[in-house]
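Topology and contacts: notes
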Amino acid sequence: MSHENESKLDTTPIQLLTEQYRADLHAYKEREGLYLKTENQLKGTKQIVLEMANTIRELKTQNDNFQAEISRLNEEIQLLEMQIKK
């Protein structure tokens, strides 16, 4: 075998390895991109959930305050009705 023929045979496996490396690198970059996209979506979702939880707590506190005010007003109505009947 001549030196030229050996060189051609050696180049083919290197080219194949290079092509495989490029394909693997491309697949890795796609997975990394998907990972980053998913991570950002999860962070955004987490922030939304935290904000909603805070809003729910605030609404619960307001609701409790309104319920207490309603009870107080109902008691006042009953007292006024009793005064009217006297």
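For the structure, check the block above.
Just so we're clear, the structure is a prediction, and the values are computed from it rather than from any experiment.

A look at the overall build of the protein
Counting its secondary structure elements, the protein contains 1 helix and 0 strands. Residues counted as buried form 0% of the 86 residues belonging to the protein. Of the accessible surface of the protein, which amounts to about 8,400 Å², a share of 59% is contributed by carbon and sulfur atoms.

Notes on a nonpolar patch on the surface
A contiguous nonpolar surface patch, about 310 Å² in accessible area, is contributed by Ile48, Met52 and Ile56. Summarising the element assignment, Ile56 is placed in helix H1 (residues 3–85).

Things to note about the pattern of salt bridges
Side-chain pairing between opposite charges can occur once the charged atoms of the two side chains come close. Under the counting rule described, the total for this entry stands at 3 salt bridges. A salt bridge links Lys60 to Asp64; the shortest N-O distance between them is 3.0 Å. Of this pair, Lys60 and Asp64 both sit in helix H1, 4 residues apart, which is roughly one turn of the helix. Classification of Lys60 as exposed rests on a relative accessible area of 52%. The partner of Arg72 in a salt bridge is Glu69, with the nearest N and O atoms 2.7 Å apart. Here Glu69 and Arg72 lie together in helix H1, a separation of 3 residues that amounts to about one turn. In this structure Arg72 comes out as partly exposed when scored by relative accessible area, which is 40%. Overlapping salt bridges, with partners in common, bring together Glu69, Arg72 and Glu76 in one network.

What counts and how
Residues numbered from 1 in each chain as written. Predicted model: local features only at pLDDT ≥ 70, side-chain atom pairs only at ≥ 80, totals over all residues. Heavy atoms only, no water. Helix = DSSP H or I, 4+ residues; strand = E, 2+ residues; numbered from the N terminus. Buried < 20%, exposed > 50% of the residue type's maximum accessible area, 1.4 Å probe, protein only. Areas by Shrake-Rupley, 256 points an atom, 1.4 Å probe, with all protein chains shown as cover. Patch = residues over 30% accessible without salt bridge, like charges linked within 9 Å, V, L, I, M, F, W, Y side chains within 5 Å. Salt bridge = Lys/Arg side-chain N within 4 Å of Asp/Glu carboxyl O.

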